[in-house]
Amino acid sequence: MGDKIWLPFPVLLLAALPPVLLPGAAGFAPSLDSDFTFTLPAGQKECFYQPMPLKASLEIEYQVLDGAGLDIDFHLASPEGRTLVFEQRKSDGVHTVETEVGDYMFCFDNTFSTISEKVIFFELILDNMGEQEEEQEDWKKYITGTDMLDMKLEDILESINSIKSRLSKSGHIQTLLRAFEARDRNIQESNFDRVNFWSMVNLVVMVVVSAIQVYMLKSLFEDKRKSRT
Amino acid sequence: MGWPVLLLLALCAAGARGLYFHIGETEKRCFIEEIPDETMVIGNYRTQMWDKQKEVFLPSTPGLGMHVEVKDPEGKVVLSRQYGSEGRFTFTSHTPGEHQICLHSNSTRMALFAGGRLRVHLDIQVGEHANNYPEIAAKDKLTELQLRARQLLDQVEQIQKEQDYQRYREERFRLTSESTNQRVLWWSIAQTVILILTGIWQMRHLKSFFEAKKLV
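Being a predicted model, the structure only gives us computed values, none of them experimental. (Residues numbered from 1 in each chain as written. Chains lettered and ligands numbered in written order. Predicted model: local features only at pLDDT ≥ 70, side-chain atom pairs only at ≥ 80, totals over all residues. Heavy atoms only, no water.)

A short note on the overall build of chain A
Turning to step 1, where the next piece is worked out: Looking only at helices and strands, chain A features 4 helices and 8 strands.
Turning to step 2, where the next piece is worked out: Each of the 229 residues in chain A was classed as buried or not, and the buried ones make up 38%.
Turning to step 3, where the next piece is worked out: Relative to all contacts within chain A whose residues are 6 or more apart in sequence, the contacts with residues 24 or more apart total 78%.
Turning to step 4, where the next piece is worked out: Looking at chain A as shown, the accessible area adds up to about 13,300 Å², and 60% of this sits on carbon and sulfur atoms. (Helix = DSSP H or I, 4+ residues; strand = E, 2+ residues; numbered from the N terminus. Buried < 20%, exposed > 50% of the residue type's maximum accessible area, 1.4 Å probe, protein only. Contact = heavy atoms within 4.5 Å. Areas by Shrake-Rupley, 256 points an atom, 1.4 Å probe, with all protein chains shown as cover.)

This is the structure we're talking about:
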């Protein structure tokens, strides 16, 4: 008799837990799309890991935004350690993989460069992540009241969903454009610095060289004059 | 007793889905976020320490702290705080541009850190992705349609802010390009003029020198 009462209680406790866990109280629920921009110093390699479930899709897109040569080595490995993608000295790339369960590792390698540090932008787009996706979209437990309308609510919600996905796409394209623009701007600023620097060097060199030429010639003739008597 | 525990474990594991990387002791990792102004950024992180004996990452490490430092585009520190092994940091940008978010651990337990590796799970949300819609629904008592409409509005507002910021960046970019262009032009002209003048000076100087030395 006592057993029958005891067993449902932990179950009830667990049923009460998900609403607490979901809004991100302990152990946050990370989003499905994320992008990061970081600086990779010269001669170093940095790796990132992304845990994936079965039959989901992982799309990774990267761009080098700043740094002489604007190139980097990229390496993507499956959870078993098998190399899926290995690119050398590329300035941008897009790769999509259909995933198995485990942690996928991708690395950016700047060891070929001894002096210049690179600024790298990468974006991860995860799809078909399964029950995590549904968790984040299921707001039904948080709303109050109901809507009174002529149209069916489902139709409205459907068009809202489609607007939302299109806006997400716009957001993605904006992120990409932002990365392109940042790269072009960095190129231009480095051009500007280069033009300034080398113009100054050019000026100094010209003046110094012409002075040296004149004085060297003078010195040649002075010796000859003396020997001529 | 069996399956409720498994369910609990499964729920805990579901939180471990994000990107992670390894960081050494006192090593600093910085991420750059280029954002428009008045945009909220929320960062979540979770750390795990490497256990050298068991060759596995411990699920949680009390006592291990991470220091988070955020700098605005001018280099001024916006946020500089110590958090625990698991933390959440928030800041709002007041100037548009590249903000730098730096994380480093300042572990006091040197001995335990002999393995030298710390696993950091990181998630950074910008703008409307940082909004917690369940919370907003509860606070403003919204129906589902209202909540969805609010989310769409936030999304559109964020896109609009990004577009405004793009415009401001493009203007700066255009100014730099035009200035470079002008400088290249003026420098080429100046270089030609200097060369000609130097040439003339050289010839005159040498001519008067040779005449003085009675060689010509």
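Text resumes after the structure shown.
Things to note about the UniProt feature "transmembrane region" (unreviewed entry) in chain A
Turning to step 1, where the next piece is worked out: Per the UniProt annotation, the sites labelled "transmembrane region" (unreviewed entry) are residues 197-217 of chain A.
Turning to step 2, where the next piece is worked out: Its end C-alpha atoms 30 Å apart, residues 197-217 of chain A is made of 100% helix and 0% strand. (UniProt positions renumbered as here; feature names shortened; annotations may be inferred.)

Concerning the nonpolar core
Proteins that are soluble and globular tend to have nonpolar side chains buried together.
Turning to step 1, where the next piece is worked out: Phe48(A), Phe106(A), Phe108(A) and Phe122(A) are the most contacted members of the largest nonpolar core, which has 48 residues in total.
Turning to step 2, where the next piece is worked out: Each residue touching Phe48(A), except ones within four places of it in the same chain, is listed here: Phe38(A), Tyr104(A), Met105(A), Phe106(A), Phe108(A), Phe122(A), Leu19(B), Tyr20(B), Phe21(B), Arg29(B) and Phe31(B). (Core = buried A, V, L, I, M, F, W, Y, C linked by side-chain atoms within 4.5 Å.)

Brief notes about the interface of chain B and chain A
How big an interface is tends to be reported as the loss of accessible area on association of its parts.
Turning to step 1, where the next piece is worked out: With 74 residues of chain B at the contact, the number on the chain A side is 80 residues.
Turning to step 2, where the next piece is worked out: Carbon and sulfur atoms supply 65% of the area that chain B and chain A bury against each other, a total of about 7,300 Å² over both sides.
Turning to step 3, where the next piece is worked out: Linking chain B with chain A are 16 residue pairs in polar contact (both at pLDDT 80 or more), by the criterion used here.
Turning to step 4, where the next piece is worked out: At the level of elements, helix H1 (2-14), strand E1 (20-23), strand E2 (28-35), strand E3 (40-51), strand E7 (86-92), strand E9 (118-126), helix H2 (133-140) and helix H3 (144-212) of chain B are the ones that each hand at least two residues to the side of chain B that touches chain A.
Turning to step 5, where the next piece is worked out: Per element, the largest residue contribution to the side of chain B that touches chain A is 33 residues, and it comes from H3(B).
Turning to step 6, where the next piece is worked out: In terms of residue class, the side of chain B that touches chain A is built from 36 nonpolar, 20 polar and 18 charged. (Buried area = accessible area lost by both parts, 1.4 Å probe. Polar contact = N/O pair within 3.5 Å; in protein donor to acceptor, adjacent residues only side chain to side chain. Nonpolar A, V, L, I, M, F, W, Y, C, P; charged D, E, K, R; others polar.)

Things to note about the side chain of Gln50(A)
Turning to step 1, where the next piece is worked out: Within the secondary structure, Gln50(A) sits in strand E2 (residues 45-52).
Turning to step 2, where the next piece is worked out: Reaching out from Gln50(A), the side chain makes a polar contact with the backbone nitrogen of Leu19(B) at a distance of 3.4 Å.

Digging into H2(B)
Residues and elements named next belong to chain B.
Turning to step 1, where the next piece is worked out: Looking only at H2, the buried set comprises Tyr-133, Pro-134, Ile-136 and Ala-137. Across the axial projection of H2, the buried residues extend over an arc of 165°, all falling on one side. Opposite the buried face of H2, by more than 90 degrees, sit the exposed residues Glu-135 and Lys-139.
Turning to step 2, where the next piece is worked out: Once H2 finishes, Lys-141 follows within two positions and takes phi at roughly 55°, a positive value. (Arc of directions from axis to C-beta.)

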